[in-house]
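# Architecture at a glance
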Amino acid sequence: SHYDSIAGLSARWLWDWKELPAPGADDNASGTSAVLEAARILSKYEFDFTIKFITFSGEELGMFGSKHYASDAWKLNRKIAGVLNLDMLGYDPDELDIDIVSNEDSQWLANAIGYIHNQHNINLGVNKVVDPKLIYSDHSSFWKSGYSAVMVTEVADSKSDEFSPVNHSPDDMIDKINPDLLFNSSKLVIATLASLADPILAQSPNIDLAITSLNLIQSSSKSITLVAGIGNLGNEN
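In short, a report on the structure. (Residues numbered from 1 in each chain as written. Predicted model: local features only at pLDDT ≥ 70, side-chain atom pairs only at ≥ 80, totals over all residues. Heavy atoms only, no water.)

### So, the side chain of N85
- Positionally, N85 belongs in strand β1 (residues 83–86).
- At 2.9 Å, the side chain of N85 forms a polar contact with the side chain of S137.
- The contacts of N85, once residues within four sequence positions are left out, are S1, S137, D138, H139, V150, M151 and V152. (Helix = DSSP H or I, 4+ residues; strand = E, 2+ residues; numbered from the N terminus. Polar contact = N/O pair within 3.5 Å; in protein donor to acceptor, adjacent residues only side chain to side chain. Contact = heavy atoms within 4.5 Å.)

In structure tokens form, the structure reads like this:
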């Protein structure tokens, strides 16, 4: 998440943004509180994969914190399986729902969140949004560095009626937060993170797969294209 806030809707904010009050309860204390709660809960357990809980600064003025982190990670060849970016999880005027924003390469992360949502029957609508043009949050810094990332947010469309009218203003206060949305979306993110970091199948099917054919379709100095036929030799569907 990002922990900085800004009063961009206030008069003279371009000149006085350092002094103008910007409580940022929804944007983005809501997302940051979910990160802290995830850290509090999951730090009590051990996982197969490393989990990093990060809150960035400088998002509102150009994603400076996440750009620096993602760029350094790419330069150092760090392996990052995926990033869940939480940005605004506290405002919803009607039915509780969130948007999961991904690019084409990050759809598997959005699908994982949808799968966990269905598995645990969490009282929350989940909308998958595949749009690489939605770059105005920290997830896009990881896209640019070649990593999978999604943004989990109350709504992706800033022109929607579900977008908080007080964001980027002195009125973005805690009394505008919908606690049920924040609670249920945090529950979903934490469950997804735990599942991805400790991928244990509850009921592993006794499958018996075999490669029945293998054909070289195309080869070059940089790539090889193969087509494989897979057959199920066991009794499981």
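### Quick notes on the environment of D138
- Counting through the fold element by element, D138 comes out in the loop between β3 (125–130) and α5 (139–144).
- For D138, a relative accessible area of 1% puts it in the buried group.
- Each C-alpha atom of the pair D138 and E59 lies 6.6 Å from the other, and the pair is 79 residues apart in sequence.
- Leaving out residues up to four positions away in the same chain, D138 has contacts with S1, H2, F56, E59, M63, S66 and N85.
- A polar atom in the side chain of D138 sits 2.6 Å from the side chain of S66. (Buried < 20%, exposed > 50% of the residue type's maximum accessible area, 1.4 Å probe, protein only.)

### Describing the pairing of strand β5 (residues 209–219)
- With respect to burial, β5 is a largely exposed element, only zero of its 11 residues being buried.
- Where β5 lies against strand β6 (residues 224–232), nine bridges are found, and the strand directions are antiparallel. Looking across to β6, one finds that L214 is bridged to A228. (Pairing = 2+ DSSP bridges.)

### Thoughts on the pattern of salt bridges
- This model, assessed by the stated rule, comprises three salt bridges.
- A salt bridge links D131 to K133; its shortest N-O distance comes to 3.3 Å.
- Its relative accessible area of 64% is what places K133 among the exposed residues.
- A salt bridge links D175 to K176, with the shortest nitrogen-to-oxygen separation between them at 3.4 Å.
- Its relative accessible area of 60% is what places D175 among the exposed residues. (Salt bridge = Lys/Arg side-chain N within 4 Å of Asp/Glu carboxyl O.)

### As for helix α2 (residues 25–42)
- The first and last C-alpha atoms of α2 sit 24 Å apart over 18 residues, in line with the 26 Å expected at 1.5 Å per residue.
- Listed in full, the buried residues belonging to α2 are A25, D26, D27, N28, S30, G31, T32, A34, V35, A38 and L42.
- The secondary structure elements touched by the buried residues of α2 are β1 and α6 (179–197). (Expected span 1.5 Å × (residues − 1).)

### Re the sheet that holds β1
- Pairing in this open sheet of four strands is mixed, and the strands run β1-β4-β2-β3 from one edge to the other. The open sheet has two edge strands, β1 and β3, and neither has a second partner. If you compare each strand with its neighbour and ignore which way they point, the axes differ by 25° on average.
- Two elements, strand β2 (residues 97–102) and strand β4 (residues 149–153), share three bridges in a ladder whose sense is antiparallel. Bridging from a neighbouring strand, V101 pairs with M151 of β4. (Axes fitted to C-alpha atoms, helices over the stretch in contact; angles between N-to-C directions.)

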